[in-house]
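# Working through the structure, step by step
Here are the chains, one letter per residue:
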Amino acid sequence: MTQHNGHTGQERIGVYVCHCGSNIAGTIDVEAVALWAAEHLNHHGVVVARDYKFMCSSLGQELIEKDIKELGLTRVVVAACSPHLHEQTFRIACQRAGLNPYLCELVSIREQASWVHTDKKAATEKAKALITGGVERVAWHEPLEPLRVPIHPATLVVGGGIAGIQAALEIADAGFPVYLVEREPSIGGHMAQFDKTFPTMDCAACILTPRMVSVGTHPNITLLTWSEVTDVQGYVGNFTVTIRKKARYIKEDLCTGCGICQEKCPKKVIDEVFEAGLGYRKAVYTPFPQAVPKYPVIDRENCTYFQKGTCRACEKLCPTEAIDFEQTDELLTVEVGNIILATGFDILDARRIGQYGYGRLANVFTSLEFERLSNAAGPTNGQIVLRDGVTQPQTVGIIHCAGSRDRNFNNYCSAICCMQSLKFAHLVRERTGATVYNFYIDIRTTAKAYDEFYQRVLEDGAILIRGRVAEVTDAARLPGEEGKLIIQVEDTLAGKQRRIPVDMVVLSVGLEPRHDAKEVAHRFGISCSADGWIIEKHPKLDPVATMTEGVFVAGCAQGPKDIPSTVAQGAAAAARVLARIQQKEIALEPVRASVDESRCSGCRICNGLCPFNAIIFHEDRMVTEINPALCQGCGTCVAACPAGAISGTVFSNEQVLAQIEGLLLDVARRAPATEPVPV
Amino acid sequence: MSDSFEPVLIGFTCNWCSYRAADLAGTARVKYPPNIRLLRLMCSGRLDPTFVLKALASGADGVLITGCHPGECHYLEQNYKALRRYLLLRRMLAQMGIEPERVKLVWASAAEGVKLAQEITDMVEEIRALGPLNWPQRHNGAALHADEKAVKEGTA
């Protein structure tokens, strides 16, 4: 019955067309496609074609398994969703029925046809063509075994905010080594800058610093602060990571963290990072008293000795002789099996929102500045005061969604600003008794105990005005506006324009990806969305994995989120890594290239093409060989070999050429050829 | 060329970027014309120019090659090799009397479902304007099939 297909010409192929409810069947006539495949593709080896409501359901899978056993199928084509979703499902079904899993091919008629086309007839015809391509291709599939690679038990966690801290502790507590890399002098991240955390209003430092201490003292955690990852090589289970440990100019083995150097350093510097520009630090500093590790760093740019060649006050006064001006950056190389990226977020530069006057009007503050103002350990010891440092505000305006949900800045919702703004309102009411106005577009208080907090803030007496603020100005027009900041807003509930004079404005600025998120993503071989957040493997079902095996993401690096979700993601990423480590090895797609030495002419064209150094040339025999452990399976050498000596599994020349032929079979048949076109 | 000419395109996609962009276009229900049929490779670097010729010879009116943006290749730099081959291939097509515009290379990251859909839409219209290629009719099929046989057997 079979005319010609695959190596043997004897393949018996089953075709299974999924309705996916109405997802596919709504646009594609799936019954007709199955009937057509049974009738018109039988010369191509198709012995059975069926349609079913949900092929991925257990009944759907059983249908395939039954046919494999009863009809002796040697190949399976499933026309359903993207292989990135269900390829594994159907491969495992084939395996259960005794068929090698790699003899199954998934044809995406949902993502590539029913969901993107509206013309039902054309979508149905396209589905037939895609299935024909799959049938022609699958005949050339070969039984394969997955590649098993060992998993190195150590993990690299990048970023020492709460996400990275949580992930590192989970893995270290399970008994496995962790390298935690942080580019600032201390771990703690943004959370260490906050005063209170919503909705329970517990103090951020009280809940965070014990965790930081655990990280600092954990026998399984190697903490590398003031350090950055400069290079990542290898693949899941076997990464080689290069870390640049910047010179601290402090001998860590001698420093006791007594703080005398910081006290005696004559050079005061505005602290733009931790204090958000509101406070000072010295040229030798730890960002905050509870910093982990306790060792300070000397800021070369501002140190009088480094800039002018004299001073060395810290060196003279250090009781343990721990200052070392001769220190240089160190490059460390570590081997790890998995990587968790917890690189966090930046806040939107409020200067970009010109109409809100930040940077021009003194008493417009950002949310991060307000966090430092209200923090008992901050520059004002927790006094909420105006920029002059003494005056308490009588009225405060808090603007939600500053730079979020705004096509001029970021389209997305920054997720935390509603609750953060309500928290600010509560703190202002509690500490100063000032009148508080919150300006919001919508109130989004969706997590546990959040809406209750919103109700509490309303009861505190905060005044909520629904409307996007048009402008913050100091140009007084009406009595009572002199010397005030005036907030111009359309109150959309009252249906009128309002001008509200206040003493202080707080902008709840949106969260943005780190300024260097793209570079970092590239270094780790993963991708960012158009907004710049790291793309997760699946937005619902695999939120902490990335497209790159062995690289996970946690916290705000993946998108804006609050502390509970960040901690949950940190723990989730750790759980995924731990599962990997426990398995000791991982099965990888056996997509690899190999050389048929008898065909290799030794031309060496392929030799320069491999970025993984997997191609070795044997001078003695004048042939090339590919190291399967290093080969990543891109197939560039396969495409380049002029002798056809290199073949690639899963994407062989035969498979691709047969698929092209199949995809165009209808066109070839339709063509009024002067001579028959062989297909 | 009749008004009812519906071009058929073959699109080569990279497993890591453009194939996922196509998935994303689907999930987001972004619409594009049904004239393209996509095929997955692991990398644009896997694209043997023979695949493009094979598609044209088998009746495709145009071929869209897609890959990761420069600097974002999953395999570090193989998309540059795809770019090199593409530029050579276009010169070769011109020498063969085929409009080089029938083959196009575009970059599309995994996040660019909308962009990919737009590129497909644009290219379908460009090929529609060029008219059918009709390679199987224009050329003697025998020579091509001999070439293809050579590729399959690795004696090219």
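This section reports on the structure supplied with the text. Once a new chain begins, its residue numbering starts again from 1 and follows that chain's sequence as written. A letter from A marks each chain and a number from 1 marks each ligand, given out in the order of writing. Two thresholds apply to this predicted model, a pLDDT of at least 70 for residue-level local features and 80 or more for giving and counting side-chain atom pairs, whereas whole-chain, interface and lining totals are computed over all residues. With hydrogens and water excluded, all non-hydrogen atoms of the structure serve as input to the side-chain values.

### Brief notes about empty space enclosed by the protein
All names here are of chain A. Two kinds of site are reported from a 1 Å grid over the protein atoms alone, namely cavities, where a 1.4 Å probe fits but cannot get out, and pockets, open sets with protein on both sides within 12 Å along at least five of seven lines, and residues are called lining when an atom falls within 4 Å of a point. Grid points are joined across faces, edges and corners, and a volume is the space filled by probe spheres set on the points. With the rule as written, the count across this model stands at eight cavities of 30 Å³ or more. Reported here for the largest cavity is a volume of approximately 130 Å³. Lining the largest cavity are 17 residues, with Cys-255, Cys-258, Gly-259, Cys-261 and Pro-296 positioned closest to its centre. Each residue is assigned to one of three groups, with Ala, Val, Leu, Ile, Met, Phe, Trp, Tyr, Cys and Pro labelled nonpolar, Asp, Glu, Lys and Arg labelled charged, and all others, Gly among them, labelled polar. Counted by class, the lining of the largest cavity contains ten nonpolar, six polar and one charged residues.

### Here we look at the packing of aromatic side chains
Only the six-membered ring of Trp is used, alongside the rings of Phe and Tyr, when aromatic pairs are assigned; centres must lie within 6.5 Å, and planes under 30 degrees apart are stacked while those over 60 apart are edge-to-face, with the rest tilted. Counted under the stated rule, the structure contains twelve aromatic pairs over all chains. Ring geometry for Tyr437(A) versus Phe439(A): centroids 6.3 Å apart, planes at 25 degrees, classification stacked. When the centroid spacing of 6.3 Å and the interplanar angle of 25 degrees are considered together, the rings of Phe12(B) and Phe51(B) count as stacked. With Phe12(B) in strand 1 (residues 9-14) and Phe51(B) in helix 2 (residues 49-57), this residue pair connects regions lying 39 residues apart in the sequence. Residue Phe12(B) shares its accessibility class with Phe51(B), and that shared class is buried. Charge-over-ring placement is defined geometrically: NZ (Lys) or CZ (Arg) within 6 Å of the ring centre, and within 35 degrees of the ring normal. Of note, Arg40(B) hangs over the ring of Tyr19(B), and the distance from its end group to the ring centre comes to 5.4 Å. The numbering of helices and of strands both runs from the N terminus, where a helix is a DSSP run of H or I of at least 4 residues and a strand a run of E of at least 2. A simple rule labels every residue: compare its accessible area, found with a 1.4 Å probe on the protein chains alone, to the largest value its type can have, and call it buried under 20%, exposed over 50%, or partly exposed in between.

### Some thoughts on the interface of chain B and chain A
Facing 58 residues of chain B, the contacting portion of chain A comprises 64 residues. Counting each side, the surface lost to burial between chain B and chain A is near 5200 Å², with a carbon and sulfur contribution of 59%. Between Lys or Arg on one side and Asp or Glu on the other, a salt bridge is scored when a side-chain nitrogen of the former is within 4 Å of a carboxyl oxygen of the latter. Run the count over chain B and chain A and you get four salt bridges. Residue Lys54(B) pairs with Glu661(A) through a salt bridge whose shortest N-O separation is 2.6 Å. The term polar contact refers here to a pair of N or O atoms within 3.5 Å; inside protein, the definition further demands a hydrogen-donor-capable atom paired with an acceptor-capable atom, and it admits residues adjacent in sequence only when both atoms are side-chain atoms. Taken together, the links from chain B to chain A amount to 19 residue pairs in polar contact (both at pLDDT 80 or more). Contact criterion: two residues are considered in contact whenever any of their non-hydrogen atoms come within 4.5 Å of each other. Take the accessible area each of two parts loses on contact, using a 1.4 Å probe, and add the two losses: that sum is the buried area.

### Regarding the sheet that holds strand 11 (residues 227-235) of chain A
Residues and elements named next belong to chain A. Pairing between strands requires that DSSP locate at least two bridges from one strand to the other. Ordered in space as 11-12-17, the three strands form an open sheet in which the pairing is antiparallel. A strand with exactly one partner marks an edge of an open sheet, and here the two such strands are strand 11 and strand 17 (330-336). Neighbour to neighbour, the strand axes of the sheet diverge by 20 degrees on average, direction disregarded. Across eight bridges, the pairing between strand 11 and strand 12 (residues 238-245) is antiparallel. Of the residues in strand 12, the one forming a bridge with Val-232 is Val-241. Helix axes are fitted to C-alpha atoms over the stretch in contact, other axes to C-alpha atoms as well, and angles between N-to-C directions run from 0 to 180 degrees.

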